[in-house]
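Architecture at a glance
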Amino acid sequence: MNAPAVTPLRLALGLGCDRGTPAATIADVVDAALAQIARRHPGAALAVEAAASIDLKADEAGLREFAALRDWPLTFYPAAQLATVTVPNPSATVLRHTGTPSVSEAAALLAAGADTGAAAAPAALLIEKHRLRGPDGRNATVSIARIA
């Protein structure tokens with residue numbers, strides 16, 4: 001008897017990080033978040049189809065290296081576009097530094113194609129802003145949204 005086909009859980013990642021964050025720190029925060037999803041959805045096949053961040057990080061070597069190692073497409077959004085997205089955890093600190101109150105949550109929702117103007121948009125987030133400080137002292141943040 002054949003096992004039933006598993007429908008993959010299609011995911012989009014929103015990524016944020018301090019300047020100079022190494023790919024290994026970004027990988028650690030992403031892997032921890034994906035492990036949380038795997039525990040909540042046992043047996044589900046996780047399929048990361050997109051990764052995104054703010055255009056201020058387009059030259060960030062750690063982000064680019066990480067996405068290349070995982071063979072994930074990486075998209076960068078301008079702060080003005082990210083700022084239009086309704087998120088559960090806006091940050092005044094992020095706003096002060098980037099011009100938008102959210103990078104990882106907003107980028108994940110945009111990359112997932114979620115209805116970003118509605119109050120329901122945060123419901124697409126499987127992982128809200130999840131942060132990790134690496135051994136080098138640099139921070140990396142990931143949010144994960146389900147692609148409909």
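Residues numbered from 1 in each chain as written. Predicted model: local features only at pLDDT ≥ 70, side-chain atom pairs only at ≥ 80, totals over all residues. Heavy atoms only, no water.

Across a sheet, paired strands are connected by hydrogen bonds in the backbone, their directions being either parallel or antiparallel. Pairing within the open sheet is mixed, and its five strands lie in the order S3-S2-S1-S5-S4. Two strands bound the open sheet, and with one partner strand each, they are strand S3 (74-77) and strand S4 (125-133). Strand-to-strand twist of the sheet, defined as the mean angle between neighbouring strand axes without regard to direction, takes the value 25°. As paired elements, strand S1 (residues 9-17) and strand S2 (residues 46-54) share six bridges and run parallel to each other. Its bridge partner lying in S2, Leu 9 is registered against Leu 46. (Pairing = 2+ DSSP bridges. Helix = DSSP H or I, 4+ residues; strand = E, 2+ residues; numbered from the N terminus. Axes fitted to C-alpha atoms, helices over the stretch in contact; angles between N-to-C directions.)

To continue, consider the nonpolar core. Within the largest apolar cluster, 26 residues are counted, with the highest numbers of intra-cluster contacts made by Leu 13, Leu 15, Val 30 and Ile 144. Of all elements in the fold, only S1, helix H1 (23-40), S2, helix H2 (61-70), S3, S4 and strand S5 (139-146) reach the threshold of two or more residues within this core. In this structure, Tyr 77, Leu 82, Val 103 and Leu 110 belong to the second largest nonpolar core, which totals 22 residues. (Core = buried A, V, L, I, M, F, W, Y, C linked by side-chain atoms within 4.5 Å. Buried < 20%, exposed > 50% of the residue type's maximum accessible area, 1.4 Å probe, protein only.)

One pass over the structure, following the stated rule, counts one aromatic pair. Here the aromatic rings of Phe 66 and Trp 72 are separated by 5.5 Å at their centres, their planes lie at 80°, and the arrangement is edge-to-face. In terms of burial, Phe 66 and Trp 72 fall into one category: buried. (Phe/Tyr/Trp six-rings, centres within 6.5 Å; stacked < 30°, edge-to-face > 60°.)

What follows concerns the environment of Gly 43. Of note, Gly 43 is situated in the loop between H1 and S2. Counting along the chain gives 35 residues from Gly 43 to Pro 8, while the straight-line C-alpha distance between them is 9.7 Å.

Let us now look at the pairing of S4. The pairing of S4 with S5 spans six bridges and is antiparallel. Residue pairing for S5: Leu 132 is matched across the bridge by Ala 140. Turn length for the S4-S5 hairpin, with the two strands adjacent in sequence and antiparallel, is five residues, and the turn residue Gly 137 shows positive phi of about 90°.

Examined against the element boundaries, Val 94 turns out to sit in helix H4 (residues 92-98). With relative accessibility at 24%, the residue Val 94 sits in the partly exposed group. Remark: the alpha-carbon pair of Val 94 and Gly 16, spanning 78 residues in sequence, is separated by 10.0 Å. In contact with Val 94, other than residues within four places in its own chain, are Gly 99, Thr 100, Pro 101, Ser 102 and Val 103. (Contact = heavy atoms within 4.5 Å.)

Let us now look at the layout of surface pockets. For the largest pocket, the calculated volume is near 480 Å³. Lining the largest pocket are 23 residues, and of these Gly 16, Cys 17, Asp 18, Val 94 and Thr 141 lie nearest its centre. With four residues, the top contributor of residues to the lining of the largest pocket is H4. Split by residue class, the lining of the largest pocket holds six nonpolar, 11 polar and six charged. (1 Å grid on protein atoms, 1.4 Å probe; cavity = no way out; pocket = protein on both sides within 12 Å on 5 of 7 lines; lining within 4 Å. Points joined across faces, edges and corners; volume = space filled by probe spheres on them. Nonpolar A, V, L, I, M, F, W, Y, C, P; charged D, E, K, R; others polar.)

This part covers the pattern of salt bridges. Counting across every chain of the model gives four salt bridges. For Arg 70, the salt bridge is made with Asp 31, and the minimal N-O distance between the two is 3.0 Å. Of this pair, Arg 70 sits in helix H2 while Asp 31 is found in helix H1, placing the two residues 39 residues apart along the sequence. We classify Arg 70 as partly exposed; its relative accessible area is 27%. For Asp 31, a relative accessible area of 34% puts it in the partly exposed group. What emerges from the salt-bridge pattern is a single network uniting Arg 19, Asp 59 and Glu 60. (Salt bridge = Lys/Arg side-chain N within 4 Å of Asp/Glu carboxyl O.)

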